[in-house]
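# Secondary and tertiary structure notes
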2 protein chains.
Amino acid sequence: MPSEFDLIEKFFTRPPRAGSAVLLGVGDDCALFAPESGMQLAVSSDMLVAGRHFFPDADPFFLGHKSLAVNLSDLAAMGARPLAFTLALSLPEANESWLSAFSQGLLQLADRFDCQLVGGDTTRGPLNICITIFGEIAAIDALRRDGARVGDDIWVSGTLGDARLALAALQQDVALDTGELRSAKERLDAPQPRVALGLALRGVATSAIDISDGLTGDLGHILKRSYVGARLDADSLPIGSALARQPLELQHRFALAGGDDYELCFTAPVTMRDKVHAASQTAKVSVTRVGAIEAEPGLRLFDAHGTPMSLTLSAFDHFAS
Amino acid sequence: MPSEFDLIEKFFTRPPRAGSAVLLGVGDDCALFAPESGMQLAVSSDMLVAGRHFFPDADPFFLGHKSLAVNLSDLAAMGARPLAFTLALSLPEANESWLSAFSQGLLQLADRFDCQLVGGDTTRGPLNICITIFGEIAAIDALRRDGARVGDDIWVSGTLGDARLALAALQQDVALDTGELRSAKERLDAPQPRVALGLALRGVATSAIDISDGLTGDLGHILKRSYVGARLDADSLPIGSALARQPLELQHRFALAGGDDYELCFTAPVTMRDKVHAASQTAKVSVTRVGAIEAEPGLRLFDAHGTPMSLTLSAFDHFAS
């Protein structure tokens, strides 16, 4: 069996790139790099655990893709440009075909965003993937969670709920036809981080977060840190194409509280609507206005007729089982 | 049971520090910080897995200490000054007393090195701790693995082998008296990262690595990347105080191939011996000359009489079981 060091070299080491911010990559005690002069480093870590974030028999190509995608999504939510990442991997066994497919899914996405693997760690143990990602941003441009202001519009990118629908189908809680399942499963397995949209929203959005745990929970973080409340118009939510064929109650529930969409939720002043639409066109991602920031704390839901709704929703919480 | 978000806030969130490089810490999509102007960022990730790197019932205080210590040790081996770190934690359950002790061990060491926790992720799953650490260094000062030159002395800091001896005792392969076990176990449980020595060796050492997998294996990385070989004088190795009471063969084996010491192995020109000793005094850590870099590839062992030794040694390798 090839040793740990051989496997790391075989699948994850690439030659350094000319003109890259990365001076020293995989293979020393540390990687060395720097953001451009005057730029801040944006850093985020996400850990994916078998049985919790993915099925233990998940396709390794998609697992590689998703592991990096959720981290790129954090950069997107900050408006940061991807630079580099580290990978720490715990594996039950050093399976070459698994590692080959995993590294392909991972590195293809990395290449698409010019984000270089600069270091890592491999060990034997229960399947666990931990990625730390680095981007750069001028501090003044950062799309923080604490910038929402009363009167701001609330927007979401893309569509919501199909990832959660795919999970429900895989758990046999919902029956989908083959086409619906395929399109929903693509949202669950291969989320597209909204990096271009995050970059285009710098100077436009007042706050942003990526929707990993569900819209209400993630918007809740913006509300808490910005000391504001919000109203959401449940019937204006952009519903995923497969979910749109399900009963309205399920549409609301999965769009509001389903996790794993990795769309952006952001706020922007009413005067910025044209610029939000321009950012959407630049990034080639749709955006939908779904509510407004209000002074009164808490989150209130309304239907298309302005009637209050009392859905009991809570964010996905890894420990509140 | 408190939610994930509550637990993270309770144990790991601290107020931002004045004058810190960290602009935005725990609680947003990303942390934001920058190395000082003209400095490079040194980055390393290590993952610790229950049953592989520590016993599942390990004292959480020491586990917190060690999780950060092994990462600080990577910065030390680069000559970098600690800045910040992220923590991703997978836990079977949100146990408050465990988290309290773990965070104390972790944050006490972090405070000692002025290294700020800037972000993280907590999830439910088999116990797994992944830390990514950030330091800063002028690129020209970095103690890389590829700088060893023929004729350089080979040095190690502190003493070797006691961590491996403690493991042998815990696995009941070796019997130790209470005092020996206590002192050996301290080396295993609470390694002291040689950050001050790494900083003092900038401009003095030509290469460095930290000894996590065993001296021969880790020195082997320097040899490979520097395209050189080496001779080691087995009888000159600084043996841990508990190990020094064991048979000579075990001393050699554990000092040469035992992991978990987290001392530095470094090379420096013969003309730098005074400066190496000065660095040792500055850092208050002993250093010992244990061999020399040679042109002939490979690693050769000799005893005090210059007689070649044929110990069969291999580095600790997480997949070569």
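Residues numbered from 1 in each chain as written. Chains lettered and ligands numbered in written order. Predicted model: local features only at pLDDT ≥ 70, side-chain atom pairs only at ≥ 80, totals over all residues. Heavy atoms only, no water.

Residues and elements named next belong to chain B. Pairing is mixed in the open sheet, where 7 strands are placed in the order S8-S10-S7-S11-S9-S12-S13. On the outer flanks of this sheet lie strand S8 (207–210) and strand S13 (308–309), each paired with one strand and no other. Sheet topology note: the strand S9 (residues 229–233)/strand S11 (residues 287–294) ladder contains 4 bridges and is antiparallel. For Leu232, the partnering residue across the bridge sits in S11 and is Gly291. Contacts from helix H2 (residues 60–78) reach S8 and strand S10 (264–268) within the one sheet, and its direction differs from that of S8 by about 175°. (Pairing = 2+ DSSP bridges. Helix = DSSP H or I, 4+ residues; strand = E, 2+ residues; numbered from the N terminus. Contact = heavy atoms within 4.5 Å. Axes fitted to C-alpha atoms, helices over the stretch in contact; angles between N-to-C directions.)

What follows concerns the relation of the copies chain A and chain B. For these two chain copies, the linking operation is a rotation about an axis paired with a shift along it. Overlay of chain A on chain B (RMSD 0.0 Å): rotation 180°, translation along the axis 0.0 Å. Taken together, the rotation and translation relating the two chain copies correspond to the operation of a two-fold axis. Looking at chain A, 100% of its interface residues are interface residues in chain B too, so the copies touch through the same face. (Least-squares fit on C-alpha atoms with pLDDT ≥ 70 in both.)

Here we come to the domain arrangement of chain A. All names here are of chain A. Looking at the assigned domains, one finds that chain A contains domain 1 (4–140) and domain 2 (143–302). Inter-centroid distance (C-alpha atoms) of domain 1 to domain 2 is 25 Å. Taken together, the contact pairs 19 residues of domain 1 with 21 residues of domain 2. Both sides of the domain 1 and domain 2 interface together cover about 1,700 Å² of buried area, and 64% of this is carbon and sulfur. Linking domain 1 to domain 2 there are 1 salt bridge. The salt bridge involving Lys66 is made with Asp260; its shortest N-O contact spans 3.4 Å. Those elements giving two or more residues to the side of domain 1 that touches domain 2 turn out to be helix H2 (60–76) and strand S4 (81–91). In terms of residue count, the dominant contributor to the side of domain 1 that touches domain 2 is H2 (9 residues). Taken together, the residues of the side of domain 1 that touches domain 2 break down into 12 nonpolar, 3 polar and 4 charged. (Domains from an automatic or database assignment. Buried area = accessible area lost by both parts, 1.4 Å probe. Salt bridge = Lys/Arg side-chain N within 4 Å of Asp/Glu carboxyl O. Nonpolar A, V, L, I, M, F, W, Y, C, P; charged D, E, K, R; others polar.)

As a further point, take the confidence of the model for chain A. Per-residue confidence for chain A averages 88 on the pLDDT scale, and 89% of its residues sit at or above 70. Scoring of the predicted complex yields 0.87 for pTM and 0.83 for ipTM. (pLDDT = per-residue confidence, 0-100.)

What the rule picks out here adds up to 24 salt bridges over all chains. Between B:Arg144 and B:Asp146 there is a salt bridge; the shortest N-O distance is 3.2 Å.

Looking now at the interface of chain A and chain B. In this assembly, 68 residues from chain A lie in contact with 68 residues from chain B. Surface buried jointly by chain A and chain B totals about 5,600 Å² across both partners, of which 58% is contributed by carbon and sulfur atoms. At the boundary of chain A with chain B, the tally comes to 0 salt bridges. Applying the counting rule to chain A against chain B returns 8 residue pairs in polar contact (both at pLDDT 80 or more). A per-element tally of the side of chain A that touches chain B places strand S3 (residues 40–49) of chain A first, with 9 residues. Residues of the side of chain A that touches chain B, tallied by class, amount to 34 nonpolar, 17 polar and 17 charged. Summarising the sheet, strand S2 (residues 31–33) of chain A and strand S3 (residues 40–49) of chain B pair through 3 bridges and their orientation is antiparallel. Note that in S3(B) the partner of A:Ala31 across the bridge is B:Val43. (Polar contact = N/O pair within 3.5 Å; in protein donor to acceptor, adjacent residues only side chain to side chain.)

All names here are of chain A. Along its 12 residues, helix H5 (residues 178–189) runs 16 Å from first to last C-alpha, staying within 8% of the 16 Å computed at 1.5 Å per residue. Inspection of H5 places Glu180, Ala184, Arg187, Leu188 and Asp189 among the buried residues, and these make up the whole buried set. Measuring from the side-chain oxygen of the N-cap residue of H5 to the backbone nitrogen of Gly179 gives 3.1 Å; that N-cap residue is Asp177. (Expected span 1.5 Å × (residues − 1). Buried < 20%, exposed > 50% of the residue type's maximum accessible area, 1.4 Å probe, protein only.)

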